[in-house]
Amino acid sequence: MACQSVSIINMDEQALLGLNPNADACYRQKAMVYFEQLKESQDAWEVCAEALAKGIYSDDHVKFFCFQVLEHQIKYRHGGLSPAQQQLIRETLMKWLQGQLMNSQPEKPFIRNKAAQVFALTFVMEYLTHWPKFFHDLLSLVGLNPHGVDVYLRTLMAIDAEVVDRDILHSPEEVRRNTLIKDGMREQVIPSLVESWYQILGAYQQSHPEITCQCLEVVGAYVSWIDLNLIANDRFVNLLLSQMSVEDLREEACDCLFEIVCKGMAPTDKTKLVESLCQVLQSAGFFNVDQEEDVDFLAKFSRLVNGMGQSLVLSWTKLAKGGAVKEAAEALRALETKVPLLLQLLVHDDDDISANIVGFCYDYLNVLKQVRYTLLVGNMDIMLAVMKKLTYDEEYNFDNEGEDEAMFVEYRKQLKMLLDRLAQVSPDLLLEAVGRVFNNTIQRWQTASFMEVEVAIRLLYMLGEALPASHGAHFSGDTAKTSALQDMMRTLVSSGLSGYQHTSVSLEFFETVVRYDKFFLVEPQHIPIVLMSFLDHRGLRHSSPKVRSRVAYLFSRFVKTLHKHMNSFIEDILSRIQDLLELAPPENGFPALLTSDDQLFIFETAGVLIVHGESPAERKQALMRSLLTPLTDAFRLLLAKLASEREEERQAALADCLSHAVGFASRTSKAFSNKQTVKQCGCTEVYRDCLQTFLPALSCPVQRGSLRSAVRSFLHRMIICLEEEVLPFVPAASEHMLKDCEARDLQEFIPLISQITAKFKVTRDLQITAKFKDQVSPFLQQVFMPLVLAIFEVLCRPAEDNDQAAALEKQMLRRSYFTFIQTITSSGMNEVLANQGVENVERVLFTIIQGAVDFPDPIAQKTCFIILSKLVELWGGKDGMAGFPDFIYKHIVPACFLAPLKPSFDLTDAQTVLVSTCGTRCIRHGPEFIQYLQQEYLPSLQVSPEITQEVCQVLQQPDAKVLKNYMKAFFQRAKL
């Protein structure tokens, strides 16, 4: 045999010492090197096989190591092993297994699991060829020896993972192989395997429950693809049902029965199977859920009932669609008889048990919706169960929400799905039930527990989605619905409930008020009392930061919806929130009531109140100035401190504070609209002052990244709000932002210039306001080359070959650059490029040619060809730029042919085909181009006269689709 040429003394004992997790690093390194040597050697691994077969080593880590070496050989080098070496592996495994039968103690679980993996891999490689009697040999050897049976069952689970498990991705070849293996097993060995499982389940039920549980897991795994009749028969099912009464086995027995129930089969047969199981389970007392104390078992049982219920729903669906009226009615009756058990499990105190039955409940409600009749008692019971289970437990930790709290939040989402489905089945009944619970609870809210109060408000909140209305119009249309919702909202806001001292109730109150904010359009008399709850200790000044933060956002939404009804409260509100609008200085050691993110909503709210109020423009200007002046004053002081600060951590804190000031000012501008512009509100000068205050931050030598980002965002807003008033500020800002910049800085700066270009571009009828044209075009001409040169400088910086992040940044910057040029050319401002001087224009044009041809980036290529196409249209005629027709001949035409011929150019990709189409448009510019192609360019590419004539004819015909298809075929032929 091959192993006889290798002596066991060849094992590197020192290297083996490194297998111990507590070994020194040098020994561990030596062990890794030794492992690699054994893996890659043609026959050195045989020493590991010999060690396993003879049981030479007692150290568990060495045994595991030997199995790893064998695993590598089988998994990656099996095809290269000689027949003798393959036989050696089979013999090694069987000798090792034989040794297990004689040991008084089994191996450690991690070794048995690794052995099972090696057995399974060998099976997968050899069952169809060299080892068709794999299972016969295993079963003959292990018999009913518990150590052997344990390895046998672990091997079956490992085979399931290799061959059946759908969660593991397999190649098409592996899928074909696995199908052949399963077919072979079904024909040859599955009946004997099933018989072995039956014997094991019976033999070890009392003496080795852990082996019985393993066997039940195997049955559950294999039942999905074997003949169900081998399992779903009286003998086997009775055995499984008997194990439902054994404490150590019943959870696994439940799981096994679940897999059997979920096995695909004919709907009539499935109904009979489920009904027979239910009868036995019910007669054995398993339906008496309230008498069972083991919640872990009940969670499994609930999952089983869920599987049975969903199976019955599926059977009914198939039978009803197939027109089997009698059988469908039987399936429906079977479903209805399970509703009492469903309800018992749904209302159980343990949420895991309840959650496991939600799927069946949801599907059952869907059936009720389809059959168009309502079991009032069943529906009402499900509604009450859902309402009960939505209630928080007393143990819920609102201050430090952990895993249990997260699971309850997810569970609540499942219950919401049931509530939504109930609304579709019985909307009136749901509205009535929620109204009854809500009114009963709110009447006694002062003595009720927070759980009761919270869930009562929560149910009202959930009705908003369960009974949807277009654009939140819950208070118009259906009189019964609107009346009920209006009554509940009136009760909510007038009950004094907003003062309930629990965060969950406070949050639910404000969430519900804002969900139904259109109620206040119908009954605006309630606005003052709700406004006060937002502004005082119940809302923005609540003791809980979580409540304050959420209320800041909700208050913003509330004001946006109802600003027309708040004119008489505007200055009072601004006065009450004044301290919340203060910029928190970094040296202040006291925590602010609101975070900077929360303050953004408060500034936006203040902006909305000022802009949408009915005050004259002069008053709006005064209010806006009083809102923003504290920010600009603080900004100047902090910027001066930052310039002199030397400590980096302190610099960062100051820069954050400065960025917040800019962000707050920017956020107020969101209040303006086309109907209420900055100019109409008299606020132009206020924001110009802000710009003059913020722009010096761009020249600050420290913390440039955050400051530039903040000011750049403000400029974006001002381009929208101030329009042409912003233009005088941009050149100086651009100069500062282009100094010492990185790729990301440029990438973020380019959209600012593109925004200006697009904002004032030529309209479709080529009319443009002369003032805008006069202001924008000179500005763009001034900033164009500094920006382009800054981009070129960054793109030319050397980078490491394997620095993928830098390469990606450059690619994105290149795209942004081409997009910027495209914006210029498509905005009617081609003079911006034309007036840059001949050398600069040529340099830019060559980068566009390079982008079209040399860079394997379809997005950039498409942009470049769009630019070229536009430039040919603008400058290709007699009145175009001097020398440009020559550029078309020498560079654009070749680009249109060379780009699609590049190996990286994918002609089958829709985007790159579009690139080709853009390119062909460039060369369809009159007879002189066709003549040039026919007489000079195509002959220079060694294109035959016949093909040249053909290309020129196609280029002159008007059908774009024919042109695209022909050019695609032309380039495909040229690439061959």
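Every value quoted in this text rests on a predicted model; they were computed, and no experiment measured them. (Residues numbered from 1 in each chain as written. Predicted model: local features only at pLDDT ≥ 70, side-chain atom pairs only at ≥ 80, totals over all residues. Heavy atoms only, no water.)

Q: Give me the lowdown on the overall build of the chain, citing residues and values where you can.
A: Counting secondary structure elements, the chain contains 46 helices and zero strands. Whereas a compact globule of 976 residues would reach a radius of gyration of roughly 30 Å, the chain reaches 38 Å, over 25% beyond that. Here the chain, with 976 residues, has 51% of them falling under the buried criterion. Here the analysis covers contacts within the chain between residues at least 6 apart in sequence; of these, 73% occur between residues at least 24 apart. Counting every atom, the chain has about 45000 Å² of accessible surface; 51% of that belongs to carbon and sulfur. In the chain, which carries 95 positive and 121 negative side-chain charges, the distance between the mean positions of the two groups comes to 6 Å. (Helix = DSSP H or I, 4+ residues; strand = E, 2+ residues; numbered from the N terminus. Rg over C-alpha atoms; globule rule 2.2 N^0.38 Å. Buried < 20%, exposed > 50% of the residue type's maximum accessible area, 1.4 Å probe, protein only. Contact = heavy atoms within 4.5 Å. Areas by Shrake-Rupley, 256 points an atom, 1.4 Å probe, with all protein chains shown as cover. Lys, Arg positive; Asp, Glu negative; His and termini not counted. Charge placed at Lys NZ, Arg CZ, Asp CG, Glu CD.)

Q: Give me the UniProt feature "domain: Exportin-1/Importin-beta-like" (unreviewed entry) in the chain: which residues, what numbers.
A: This chain's UniProt record puts "domain: Exportin-1/Importin-beta-like" (unreviewed entry) on residues 109–257. Helix makes up 72% of residues 109–257 and strand 0%, with an end-to-end C-alpha separation of 26 Å. (UniProt positions renumbered as here; feature names shortened; annotations may be inferred.)

Q: Now, about the layout of surface pockets: what can you tell me, with residues and values included?
A: Considering only enclosed or pocket space, the largest pocket measures out at about 520 Å³ in volume. Lining the largest pocket are 22 residues, and of these Tyr392, Arg412, Arg458, Leu507 and Glu508 sit closest to its centre. Contributions of two or more residues to the lining of the largest pocket are made by helix H21 (403–425), helix H23 (450–466), helix H25 (503–515) and helix H28 (545–562). For the lining of the largest pocket, the class distribution of residues is eight nonpolar, three polar and 11 charged. (1 Å grid on protein atoms, 1.4 Å probe; cavity = no way out; pocket = protein on both sides within 12 Å on 5 of 7 lines; lining within 4 Å. Points joined across faces, edges and corners; volume = space filled by probe spheres on them. Nonpolar A, V, L, I, M, F, W, Y, C, P; charged D, E, K, R; others polar.)

Q: An account of the environment of lysine 413 is needed here, citing residue identities and associated values.
A: Position of lysine 413 relative to the elements: it lies in helix H21. Lysine 413 sits in the partly exposed class, given a relative accessible area of 46%.

Q: Talk me through the nonpolar core; I want residue IDs and the actual numbers.
A: By size, the foremost hydrophobic cluster in this structure holds 329 residues, and its most contacted members are Met185, Trp197 and Phe301. If sequence neighbours within four positions are ignored, tryptophan 197 has contacts with Tyr152, Leu156, Cys215, Val218, Val219, Tyr222, Ile226, Ile231 and Phe236. (Core = buried A, V, L, I, M, F, W, Y, C linked by side-chain atoms within 4.5 Å.)

Q: Describe the environment of lysine 182, and please don't skip the residues or the numbers.
A: Along the chain, lysine 182 falls in helix H9 (residues 172–188). Judged by its relative accessible area of 19%, lysine 182 is buried. Taking C-alpha positions, lysine 182 is 22 Å from leucine 257, a pair spaced 75 residues apart along the chain. Apart from residues no more than four positions distant in its own chain, lysine 182 is found in contact with Val163, Val164 and Trp225.

Q: A description of helix H31 (residues 617–644) should follow, citing residues and the corresponding values.
A: Look at H31: 40 Å from first C-alpha to last across 28 residues, which is about the 40 Å you get at 1.5 Å a residue. Leucine 628 marks the point of greatest bend in H31, at about 35 degrees, and the proline proline 630 comes within the next four residues. Among the residues making up H31, those that are buried are Lys620, Leu623, Met624, Leu627, Leu628, Leu631, Thr632, Phe635, Leu638, Leu639 and Leu642. Looking at the packing, one finds that the buried side of H31 touches helix H29 (570–576), helix H30 (596–611), helix H32 (648–668), helix H33 (684–694) and helix H34 (704–721). (Expected span 1.5 Å × (residues − 1). Bend = angle between axes of the 7 residues up to and from the residue.)

Q: Account for the side chain of glutamate 604, naming residues and giving values.
A: On the secondary structure map, glutamate 604 appears in helix H30. Residue class for glutamate 604 comes out buried when judged on its relative accessible area of 5%. At 2.8 Å, the side chain of glutamate 604 and the side chain of arginine 667 are in polar contact. Filtering out sequence-adjacent residues up to four positions away, glutamate 604 remains in contact with Ser556, Lys560, Arg667 and Lys670. (Polar contact = N/O pair within 3.5 Å; in protein donor to acceptor, adjacent residues only side chain to side chain.)

Q: Which residues make up the confidence of the model for the chain, and what values do they have?
A: Interpreting fine coordinate detail is not advised for predicted regions of low pLDDT. Model confidence for the chain is summarised by a mean pLDDT of 88, while 92% of its residues fall at 70 or above. Across residues 1–9, confidence stays below pLDDT 50; counting only partners more than four residues off in sequence or on other chains, it has 16 contacts. (pLDDT = per-residue confidence, 0-100.)

Q: Summarise the pattern of salt bridges; cite the residues concerned and give the values.
A: Enumeration according to the criterion identifies 49 salt bridges in this entry. Close ionic contact of aspartate 294 with arginine 250 constitutes a salt bridge, the shortest N to O distance being 3.3 Å. Taken as a pair, aspartate 294 in the loop between helix H14 (267–283) and helix H15 (295–321) and arginine 250 in helix H13 (residues 250–261) lie far apart in primary sequence, 44 residues in all. A salt bridge links arginine 550 to glutamate 511; the nearest nitrogen and oxygen atoms lie 2.5 Å apart. Of this pair, arginine 550 sits in helix H28 while glutamate 511 sits in helix H25, and the two are 39 residues apart along the sequence. For arginine 550, a relative accessible area of 31% gives the class partly exposed. (Salt bridge = Lys/Arg side-chain N within 4 Å of Asp/Glu carboxyl O.)

Q: Residue-level account of the packing of helix H5 (residues 83–102) against helix H8 (residues 146–163), with values.
A: Look at H5 against H8: their axes get within 7 Å of each other, and the N-to-C directions meet at 140 degrees. Judged by the angle between their axes, H5 and H8 are oblique. Listed contacts from H8 to Trp96, Leu97, Gln100 and Leu101 of H5 are His147, Gly148 and Val151. Of the residues contributing to the contact of H5 with H8, the split by class is four nonpolar, three polar and no charged. (Axes fitted to C-alpha atoms, helices over the stretch in contact; angles between N-to-C directions. Parallel < 35°, antiparallel > 145°, perpendicular 65-115°, else oblique.)

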